[in-house]
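Commentary on secondary and tertiary structure
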Amino acid sequence: MKTCESTLFEKSRPGRRGTMPPETDCPKVQPEELLPAAMLRQAPPTLPELSELDVLRHFTRLSQLNFSVDTHFYPLGSCTMKYNPRVNEKAATLPGFSAIHPLQPESTAQGALALMHSLQDCLAEITGMEAITLQPSAGAHGEITALFMISRYFQDKGEKRTRVLVPDSSHGTNPASAALAGFEVVTIPSNAQGGVDLEALRAHLDSSVACLMLTNPSTLGLFETGIEEIASLVHEAGGLLYYDGANMNALMGLVRPGDMGFDLVHLNLHKTFSTPHGGGGPGAGPVGARGELVHYLPGPRVVRDGEIFRTEAPRKSIGRVRTFWGNFLVAVRAYAYIRTHGSQGLREVSQAAVLAANYMRVRLQGHFDLPYQGTCMHEFVLSARNLKAARGVRATDVAKRLLDFGFHAPTIYFPLIVEEALMIEPTETESLETMDAFIEAMRTLAEEDPQTLHDAPQTRPVGRLDETQAARKPVLAWPE
Amino acid sequence: MSYLPHTQADREHMLEVVGVPSVEDLFASIPPTLRLGRDLCLPEALTEHDLLEHLGQMASRNQEATRSSFLGAGAYRHFVPTLVETVTSRSEFLTAYTPYQAEASQGTLQAIFEFQTMICRLTGMDVANASVYDGGTAVTDAVLMALAQTRRSKVLVSRGVHPHTREILSTYLAAGGGVVEEIPLHEGRTEVPQVGADVAAVVVQVPNFLGQVEDGPALCQAARQAGALAVVAVNDPVSLAVLEAPGAYGADLVCGEAQPVGLPLSFGGPYVGFLAARKDLLRRMPGRLVGLTADGQGRRGFCLTLQAREQHIRREKASSNICSNQGLCALAVTVHLALLGPEGLRRCALGSMSSAAFARERLARVPGFSLAFSGAGFHEFVLRCPAPPEQLLEGLAERGILGGYALGRDYPELADGLLVCCTELTRRQDVEGLALELEALVQAPVEVTR
Amino acid sequence: MIPQDLKYTDEHEWIRLNAEIAEVGITHFAQEQLGDIVYVELPAVGTTLTRGQTFGVVESVKTVSDLYAPVTGEVVEVNPELLSEADEFKPELVNDDPFGQGWMVRVRLSDPSEVAGLLDAAAYKKITEEAG
């Protein structure tokens, strides 16, 4: 097979050495002397043997096969692919942050604890919550943390609430998290304006409902104007309202989930707060709570005792959801981001994000279907169904052809309630020229010969891959 | 200070195109009762220069874990080559998105495939996923797989598994997924349990939290003969250079923490959990999987596969809810292992064992101190202390030494126990230094100042 | 593509009756909707299926669908070419020959009267027209 870059295992040669660790000056022992025979490694692990240059060249060349925010525009709806400030990277690599052990005495880590405490406070203020935990490692992790809290809360109250409501436009992690936390998931349809169907909501709200999980703006990029009524209805039925913070980039400094009536929130530091996506992580999904729920947060959390910072588990804590404290170095980056912007800066971020999205919406509507008209927030959803009907071109084809134009595709086929969905979120850090170039590309490909789109991408290291074969006969490791 | 590229002219142009007089109008549909109407109470914005100064000050209030650190307990300080950071700080890896569009992500995908392969080779298993949040949640994932696979509801978990891991498992199973029963330790090692027909999994950690090497074959056998899955957790993969691959002695699932092979201590995160399984458990695996395939012209390529199991498709029927994992951390591990190779890893392992063996012997000679267990260890051991270990640690910290981990809170039966860790980075003089300070502290009890 | 001699369900399964044995699979319409089939999860021989309840899963690259038992009975045979561990694993049979070699399970009916509740070809055709 012709390949772009061979694997490390193919490049390996017996006897090649890379970087060697230091030799200890303690008397050397042999494993056979100390370990029981049954536990001794019979054959050394078959890791590749490569020189330093081999390794560097391999990974440098691999990196050049990628798109990234640093090199390309990524209008991925729901992902908030904004610029990842490099000063935040510098902060995270300061030895005083990266070389500290999570279990060292708290007196020796006061700077770290102070940072976590300050970030907890900032995020609480931004969301209108009373307390924050930084333990969850990702948005989905934050969701399940909140759901565990909800479960325990109702258990303590002696109420048997087994259902969680999610809108049909929700992100897949919402129902997955709810199911994993032991709840039955009930899907609520959206109305014609893309908001929660209040009639349907009313019909499902009873004493068996533990919570409604919502994001606002919705995954359609629309602000749920009936949120106050929704909150009322849910609370009257004795349930809780959970905020999926994936779309927080539209609202910072303008509206707070706590003020909208949400009881619990999670945030995505790797979306709204600019920490890098890293090809799939690490992220962080802090959870905020207010009222009684504060006592259920996972522990330990950082608390302040006069001038000293220490850790403490809330009195009804659900326990741990992670080892140690959470993704501390991700928290450092988010803290640096917030300190860079301050209150006014964050508000300007959200305002700019919303303006940019509306600009693109107005210039693209007419070339693509726009199922939900009118002002959007920080993202909007187009549908390629007009192209599908007229020329047999689908959202996938649009996505692949965009790669040839040098743009990463928008989010496709999400939310599920829009046919051939293309969800676009430019974020606030893209210039007018970049957005215009993307709009031009979209307009051009909408008129191209359908075969060109079906054959796309043509200019990438690989064309469309045989995903069927990959799933039928999975090869998930290089054979020995 | 902000990163907004829009000029006044840009903004006016956009507003004109959108057809509204000001940005404010775009928020007009939001009920006024919901508008914050004030500034957020946040600390003042800082320029880049002042930010670095501020952060530098905060960082300087932390004591770095250097050669005079004997802290392990699930986070280990091993040698990490410079090149790891060189690679992970590359724009195209750092700021790339999840590789859903395979043609734009071959670098990330191939690196993950190489990570999966390395994990399989280290653990002796057939398949490994693209990473999970940390070693603790990895064990939870493995247990959930076992519960689903066997349709049984009980899980036996050794007391030797990391306390945090056991707590996480307890949090996840409190929702009603299963019942955990603890397997006791005898002289620091897991007793081979009686495994009933209602047991889905037997979970042990090798080496265990107290540093002891478990009898892997016996424990796995006990699980399998009862139809339960044998889950082996590995918290320091360096140990797999000298310890037998769990896949070779009967493990069905191997999971754990890969921080020690490529990531700094990071005050606990981000870390990177790994999860590997026998091939018949493939379809129960949570998380992302990268597979090898080809494009229409026969060119080799990599793509995410078996995605139908994942949350974005399966939704409430998904085998897990994981979305973002620890991609860049897994890359760091891949680069690290590629640079070290089998020889380098072995040297880390032997160095760790040697310094730990030296430290065991030397510290046990400090008057009043003794070793808790006589069984084989890798690079950690429990030292019994004549004074409360928490106090000793405070005293040591004042002298710039991180002496280890006090076990009393997690293991009341070892209230006088201090968990001491050595790696290939520990020198003789570091051990001597610790020994002398311990001796001094015990002779003249220290007033612990905070 | 709706063979006249078979019975159907509104979950897009077909049933071929042979005395008290019912052969079950998914229809052409279903496989077209799903796309390339990559995996089929089927019950073991001896399992009892209950009409209306899920008995397995059919997975394509992009989606997963539950399989619903059209009748109640004991599984007496499972298509060996749909078992992923088998050397002869050929999930593409479900796409290429859904009514023939793509059969999934054979069930011994415990209640033959259930057959009356199944759809005939004409009724099933209507369902596909409404759905498509």
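Residues numbered from 1 in each chain as written. Chains lettered and ligands numbered in written order. Predicted model: local features only at pLDDT ≥ 70, side-chain atom pairs only at ≥ 80, totals over all residues. Heavy atoms only, no water.

1. A look at the packing of aromatic side chains
- Under the defined criterion, the tally for this structure stands at 20 aromatic pairs over all chains.
- Between the aromatic rings of tyrosine 153 of chain A and phenylalanine 154 of chain A, the centroid separation amounts to 5.1 Å while the plane-to-plane angle is 70°, which identifies the pairing as edge-to-face.
- Its relative accessible area of 12% is what places tyrosine 153 of chain A among the buried residues.
- An angle of 80° between the planes, with centres 5.9 Å apart, marks the rings of tyrosine 153 of chain A and tyrosine 296 of chain A as edge-to-face. Of this pair, tyrosine 153 of chain A sits in helix α7 (residues 139–157) while tyrosine 296 of chain A sits in the loop between β7 (287–289) and β8 (301–305), placing them 143 residues apart in sequence. Each member of the pair, tyrosine 153 of chain A as well as tyrosine 296 of chain A, is classed as buried.
- Through a chain of ring-to-ring contacts, the aromatic side chains of Phe97, Trp325 and Phe328 of chain A together with Phe267 of chain B assemble into a single cluster.
- Arginine 283 of chain B extends its terminal NZ or CZ atom over the ring of tyrosine 39 of chain C, reaching a point 3.5 Å from the ring centre.
- The ring of tryptophan 103 of chain C is capped by arginine 106 of chain C, whose NZ or CZ atom sits 3.8 Å from the centre of that ring. (Phe/Tyr/Trp six-rings, centres within 6.5 Å; stacked < 30°, edge-to-face > 60°. Buried < 20%, exposed > 50% of the residue type's maximum accessible area, 1.4 Å probe, protein only. Helix = DSSP H or I, 4+ residues; strand = E, 2+ residues; numbered from the N terminus. Lys NZ or Arg CZ within 6 Å of the ring centre and 35° of its normal.)

2. Re the interface of chain C and chain B
- Tallying the contact residues gives 10 residues for chain C and 6 residues for chain B.
- Summing both sides of the interface, chain C and chain B together bury roughly 700 Å²; the carbon and sulfur share of this comes to 49%.
- Connecting chain C to chain B are 1 salt bridge.
- Residues arginine 283 of chain B and glutamate 59 of chain C are paired through a salt bridge, measuring 3.6 Å at the closest nitrogen-oxygen approach.
- Summed over the shared surface of chain C and chain B, the number is 0 residue pairs in polar contact (both at pLDDT 80 or more).
- Contributions of two or more residues to the side of chain C that touches chain B are made by β4 (37–41), β6 (54–60) and β7 (64–68) of chain C.
- Considering every element that reaches the side of chain C that touches chain B, the biggest residue donor is β6 of chain C, with 3 residues.
- Within the side of chain C that touches chain B, the residues separate by chemical class into 5 nonpolar, 2 polar and 3 charged. (Contact = heavy atoms within 4.5 Å. Buried area = accessible area lost by both parts, 1.4 Å probe. Salt bridge = Lys/Arg side-chain N within 4 Å of Asp/Glu carboxyl O. Polar contact = N/O pair within 3.5 Å; in protein donor to acceptor, adjacent residues only side chain to side chain. Nonpolar A, V, L, I, M, F, W, Y, C, P; charged D, E, K, R; others polar.)

3. Remarks on the domain arrangement of chain B
Residues and elements named next belong to chain B.
- Entries for chain B in the domain assignment read domain 1 (82–335) and domain 2 (341–443).
- The centre of domain 1, based on its C-alpha atoms, is set 29 Å off from the matching centre of domain 2.
- Tallying the contact residues gives 22 residues for domain 1 and 23 residues for domain 2.
- Summed over the shared surface of domain 1 and domain 2, the number is 1 salt bridge.
- A salt bridge links arginine 159 to glutamate 413; its shortest N-O distance comes to 2.8 Å.
- On the surface where domain 1 and domain 2 come into contact, there are 6 residue pairs in polar contact (both at pLDDT 80 or more).
- Here the side of domain 1 that touches domain 2 is built from residues that sort into 13 nonpolar, 5 polar and 4 charged. (Domains from an automatic or database assignment.)

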